[in-house]
Structures are given as structure tokens and as C-alpha cells.
Amino acid sequence: MKRLLRLLFLSLPCLLLGCDYGPSGSNFKDINPDPEVIADITLHEQEDTVVARGNLNLFFKLFLPGREFYGHKLELDGKLLSESTGSGGYYFESEKFTDGYHVLKYSAYANSGTGSLADRYRAEMVVVSRTWVVLVDNASPAVPVITSIKPEDGQLRISWKPFKGRWFKSMELRRQTNDSEYRTLATFSNPNDTTWLDNSYIGGLASYNIVVHLEEKQYTDGTAGPATSFHHPLPALLSTTYNAANEATLTFSSTPFYKNFEYYHLSTQDGHFTFQSYEVKDTVKTFPDPGFGKDFYSSLATKPKNINYHHLHERPTSWFHIPGRGKAWGPYHDALIQRSVGTDRFYVWNQGTLHLVDATTMEVLHKRDVGATTREANFPQGAFSVNGRQAYLILNNDIHQLDPATLRTTRIYKLRDLLPYVSYYTKGISVSNDNRLLIASPIGWDSGRDTVYVVDMNTRKLLTKIATDNGARYAALSPDGKAMRVYPYLYAEQPDGTWQPHTRTSNYTSDFRFHPTKPWYTVKEERMVSFYSIQTGAKMKTLTTETTYGRHEIDPASGYLYENTETFPAQRHLHIYNIETGQLVRKLKLAPDVTAFVYKDRIFSPERYIPL
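Right, let's walk through the structure included here.

Cut-offs applied
- Residues numbered from 1 in each chain as written.
- Predicted model: local features only at pLDDT ≥ 70, side-chain atom pairs only at ≥ 80, totals over all residues.
- Heavy atoms only, no water.
- Helix = DSSP H or I, 4+ residues; strand = E, 2+ residues; numbered from the N terminus.
- Buried < 20%, exposed > 50% of the residue type's maximum accessible area, 1.4 Å probe, protein only.
- Contact = heavy atoms within 4.5 Å.
- Areas by Shrake-Rupley, 256 points an atom, 1.4 Å probe, with all protein chains shown as cover.
- Salt bridge = Lys/Arg side-chain N within 4 Å of Asp/Glu carboxyl O.
- Phe/Tyr/Trp six-rings, centres within 6.5 Å; stacked < 30°, edge-to-face > 60°.
- Pairing = 2+ DSSP bridges.
- Axes fitted to C-alpha atoms, helices over the stretch in contact; angles between N-to-C directions.
- Core = buried A, V, L, I, M, F, W, Y, C linked by side-chain atoms within 4.5 Å.

**Looking at the overall build of the protein chain**
- When helices and strands are counted, the protein chain shows three helices and 53 strands.
- Counting only residues that meet the buried cut, the protein chain has 46% of its 612 residues in that class.
- Summarising the internal contacts of the protein chain: among those between residues at least 6 apart in sequence, 52% fall at separations of at least 24.
- Accessible surface, the protein chain: about 32600 Å² in total, of which carbon and sulfur atoms supply 49%.

**Section: the environment of Val 386**
- The topology assignment puts Val 386 in the loop between strand S31 (382–384) and strand S32 (391–395).
- Residue class for Val 386 comes out buried when judged on its relative accessible area of 19%.
- Each C-alpha atom of the pair Val 386 and Pro 516 lies 7.0 Å from the other, and the pair is 130 residues apart in sequence.
- In contact with Val 386, not counting residues within four places along its chain, are Ser 340, Val 341, Gly 342, Asn 433, Pro 479, Pro 516 and Pro 556.

**Describing the pattern of salt bridges**
- Overall, the coordinates contain 19 salt bridges when judged by the stated rule.
- A salt bridge links Lys 259 to Asp 153; the shortest N-O distance between them is 2.7 Å. Residue Lys 259 is located in the loop between strand S18 (248–252) and strand S19 (261–268), and its partner Asp 153 is located in the loop between strand S9 (146–152) and strand S10 (155–160); the two are separated by 106 residues in the primary sequence.
- For Lys 259, a relative accessible area of 38% translates into the label partly exposed.
- On the basis of relative accessible area, Asp 153 is assigned to the partly exposed category, the value being 49%.
- A cluster of three or more residues bridged by salt bridges with shared partners is formed by Arg 513, Arg 551 and Glu 553.

**Remarks on the packing of aromatic side chains**
- Going through the model one piece at a time under the given rule, you end up with 31 aromatic pairs.
- The interplanar angle of 50° and the centroid separation of 4.6 Å between the aromatic rings of Phe 261 and Tyr 264 together place this pair among those described as tilted.
- A relative accessible area of 1% places Tyr 264 in the buried class.
- Taking 5.1 Å as the distance between ring centres and 75° as the angle between the ring planes, the aromatic pair formed by Phe 273 and Phe 287 counts as edge-to-face. Of this pair, Phe 273 sits in the loop between S19 and strand S20 (275–277) while Phe 287 sits in strand S21 (residues 284–287), and the two are 14 residues apart along the sequence.
- For Phe 287, a relative accessible area of 7% translates into the label buried.

**Side note on the sheet that holds strand S48 (residues 561–567)**
- The antiparallel open sheet is built from four strands, whose spatial order is S47-S48-S49-S50. Strands at the two margins of the open sheet, each flanked by one partner only, are strand S47 (551–554) and strand S50 (584–590). Adjacent strand axes in the sheet meet at a mean angle of 20° when their direction is disregarded.
- Summarising the sheet, S47 and S48 pair through four bridges and their orientation is antiparallel. From the neighbouring strand, Arg 551 faces S48, where its bridge partner is Asn 564.

**As for the nonpolar core**
- One finds Leu 266, Trp 329, Phe 346, Leu 574 and Ile 603 to be the most contacted residues of the largest nonpolar core, which totals 41 residues.
- Apart from the residues within four sequence positions on either side, Trp 329 is in contact with Ile 337, Phe 346, Val 348, Met 362, Phe 604, Ser 605, Pro 606, Glu 607, Arg 608 and Tyr 609.

**Quick word on the pairing of strand S40 (residues 483–486)**
- Of the two faces of S40, the one carrying Ala 483 and Arg 485 and the one carrying Met 484 and Val 486 are both buried.
- Summarising the sheet, strand S39 (residues 476–477) and S40 pair through two bridges and their orientation is antiparallel. In the strand pairing of S40, Leu 477 is matched with Met 484.
- Hairpin remark: S39 followed by S40, antiparallel, with five residues in the connecting loop; positive phi at Gly 481, about 75°.
- Strand direction decides the pairing type here: S40 and strand S41 (residues 489–493), joined by four bridges, are antiparallel. Looking at S41, one finds that Arg 485 is bridged to Leu 490.
- Linking S40 to S41, which pair antiparallel, is a turn of two residues.

Function-wise, these values are silent; they only describe arrangement.
Pasting the structure below:
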């Protein structure tokens, strides 16, 4: 059996080789080694050159009929941007690339279409590509530069170069004045517009620029060009003159931009100078007497047409001082001014500085820092005698004796060296011609009351002390040093050296004064000023004033008595009287809030003076 099987196995190849065999072809397919490729790639809403600014959505449309799409690849300058199995789109962020020209290439992959086994198993495929030129342009636009600004027939002509560039949407002409924000004057949709007439400029500093808006998909405020400035002075005060009736005539400059003009408005803080005019050439105005004594802080607003302002102060405005009558000095507002006829000097306490002023030339001869506090409850912390020989100053609660000619300290006194107590605080001092010093001190430890001391500074001897319940600040020492007023009494020095109350004086501190050159004191009651002898109390003379209320003073140089009076509504006057004849020498209208004084042949306020 085994031999039979071997025989059959060996004879089988011979049988096969002896057969005639040929394939039928039923299982074979034809292949196309060079298939036709029909394809188209388009980029939606884009030309062959793609201009990119900002972010851009790229939508690709692929046409490959009869082929199976495998995917795509997108490259820029050979660098891969994206790769996927879909045709879709791409969000192109152009800011990531440099400005300029680039090559964008889109490659699509599909089956080869040959029908081969490799084609069937994606071992071969067809690649379809298209390229575009991409111009990236993210640079700021070249904004037109303003080339000229000049007046033209009552208005202001602004000119600039035309816009050159892509993406133009609109441009604006803007103006900035008075440190305010820029305002848009006009908007242009034509890039070739190059000029505009400003119909609201009236004067002052103005800056103009052009702002360009581009057609961009992202929000933008536009691109502003460089500013160009123009300035023509605003209407302002040119001159002020006063006539014999003290009327003030003001002359202003006008504006050449008459087509833009609507009206002028002049105003001052106290209302003395106010007018409004719709005539561009109406620039000379006369006003009633504003009163003597100060300059008037004023403003002249010029309202242009074609702009509505919410408030008057927003209008183009020039600010200035209308000078008051007379010559200027100081100014020494809220200052204490003491006069010394013996040396012809003013001692002016102003904002922590003591000024020594020549009362004839008004030159400041010397200055000295005396600290912020120079008065305590209206009581001066410095004292100068009428004859100009004695001068004292309180600094750090020490009493400094000064050289009246230089304000330098010649000697310093501790209060404990002059007064019989250990610790003191002074409210103020005054000094007589013979070097007696009045020292006003607050509540004393022994009496619980304010105390007024008189010290002979030649011998440093305490002459007297008077306690008072009504405040030491009302104390006053006579120029001869023989009497003092400690409210409500007048104390006089007796032959035995004691100080005795002489008589009861007025209840009002402003009604009592020592005469600066005679041994008298004055008391005003109603409209009557009475002069009394300090020694005897006898009435020496009387003087009738025009008003009931007024603070009177006596000028030691001229001997005149003067009063600052105020009546309603807010009318201030200075009345000057000759004590010898009782006659009114002059009645002078004062500006609001001004207090004046007389010295020799002049009338002074804190900032002006005129002849008497």
C-alpha cells in the first residue's frame, strides 16, 4: 500500500505538466497610468493677491470631481500653517507675520485615479496645489499732515495733504483749546479733501490734527496725526484810565475772526465791571467809580458762534487785573501795618514776614522771618513806638529788642526775667516812646484772670499789673507811657508810682483811642468823637462825624482823624477830618472789602495809595 501511494505522488507532477493551461481573464481589470485630473481651488472673496490687515477668515473651496478627498495642507512661505482632513477654512492672524509680500500655498490630497492596487490602498495619491500672493499690511496709516493754518476773511483756514493709502473709510479734523479734550470739527469721506474753514475759532491757543479711520473689521478709534498749533491773542484789557470823577474807562482788544464772533462778556468777582456786547468793535467801556483800594480780578469771555458751552467759564476767556486808582505797593492783604512817624517807616506783618518799608519811597528796606503767628486774637506780637526809637518782637515766647532801622535783634529777654512768675504765654505787646512795654498775658495762675503788665525796659522794673475778666487783648498803652486802657477802665500813673483807674471808658473797643502825639484819649458816642485829657479827664474838644458807626484812627503825621465806615448795601467810605477845625477834609469811596488809612499826605490801602 505504501508503495502505491508513493507511485501516485511521484506521477502527479508529470500529469500536471502534460496539461494545456491558459487564463480566462475574467478576474483582471484595466489600469490608467496617466489619469486626467480635473480640479479647482478657490479662495472665497479674494483675488490672486490677498491683502491682509488684522485678522482674516480664509475660506477655501475645492472642486475635485470623481475623486476621494484625503485632506489638505496650508503653508505660508513654505512654513506649515495648518493640516487637516477637511477642506474648510483658516483664521489668519496677520499680526503674527511681518508686513510685506508672502506666498500662501494650499495643497489638496486625493486618490490618484489610476485604479491600481496602490491607488486602492492609498499608497499613491494626487496632489493639487494653488498659490496666492499675500500682502500683509498692518502698519499705521500715513495720516495727512496739516500744512497751513491762517486767517481768511474773518475765519480760520486749515489745510493739509490728501490721504494716500489703503483701507480708507473716513477722516476727521479735530481741535483742542484750553487744555480741554479734542473736539471733532468736521468728518470727511473723500481722502482727497484737503481744507476746511473753522467757523468757531475766536482766539487763543488751538491745536489741530487729522484722525484717519480705516476699513477694519476690528474696532479702532482711528489714527491721529501730529498736532499743529495756532495762536492769536484773545481779546483782553489794553488800558485803564480814570477821569476826575473817578470813572474807569477800559479799552480792550478785539478779535479779527468777526464771522465767528457772537458776543463779549466782562465780569469781576464783586460785580463792579460787567457788560455784554454783541458788537465785535465795541471795545471801549466807561464804568462808574468802583472805589479806591484794590485791583479787580476780571475775565473777558468771547463767545464764538456754532458752539454751545454749558458754562460761561468754558468759553475762550482772558483773565487779568483791572488796576485800581493810584500807585501799587505790597500787596499786603490781611497784614498788620504799624506806622512810625519818627523814622518815616512802615512795619508790615505779612504771612510770617516782617517788612520794613520806607514810607516815602515805598521801598522794602529789610525783611525778617517772624514765623506764622504774628498776632494773637488781633493783638500784635510786635511793637514799635510812634517816635520810631523802640522796637520789640515776640519769638518763641521770648521778647526780642530790635534795632528799628534793621530789624535785627539787639537783646533777648526771658519773661521770667521781667515778670514775677515762672511760666508765661504772651498774647501781645505794645511800647511807648519812653521804652515802657505793655505785656498782655492770658489767665494767670494766681488770679485765674488775664493779666496786663507794664515794664520799664530801661530799668527792667515791673511798674504795675492789672487783672481783667474781659481779655487782655483789648489792652492799650499810651504813647507817652503814662496811661493804659485795660477794658473797661483807663488807668493813669500817679505821682506816687501807682496806677489808678481814671474813668470808665466806652463799652466798645473800637470807640476808644489814645491820641498819638498829645496826652489825650478819644471816645466816640453816636456821631460825636470827644477828646479827653488823660491827666484830668477834662473834655478838650469834640468832633462830629457823618456816620454813627465807624472805626476811627488818628494819623500821627498829619494829625487828621479818619474813619472807615460801611453802610448798606455794602458801601464803604473813608472819612477824613481836621481835628483842629472839625471839618470833613475828604470823603472817599472804597472798593468792597477795603480798609484804608491816612499817613502824611497820602491815603493807603493794602495794595494802592493816592495823594490825600
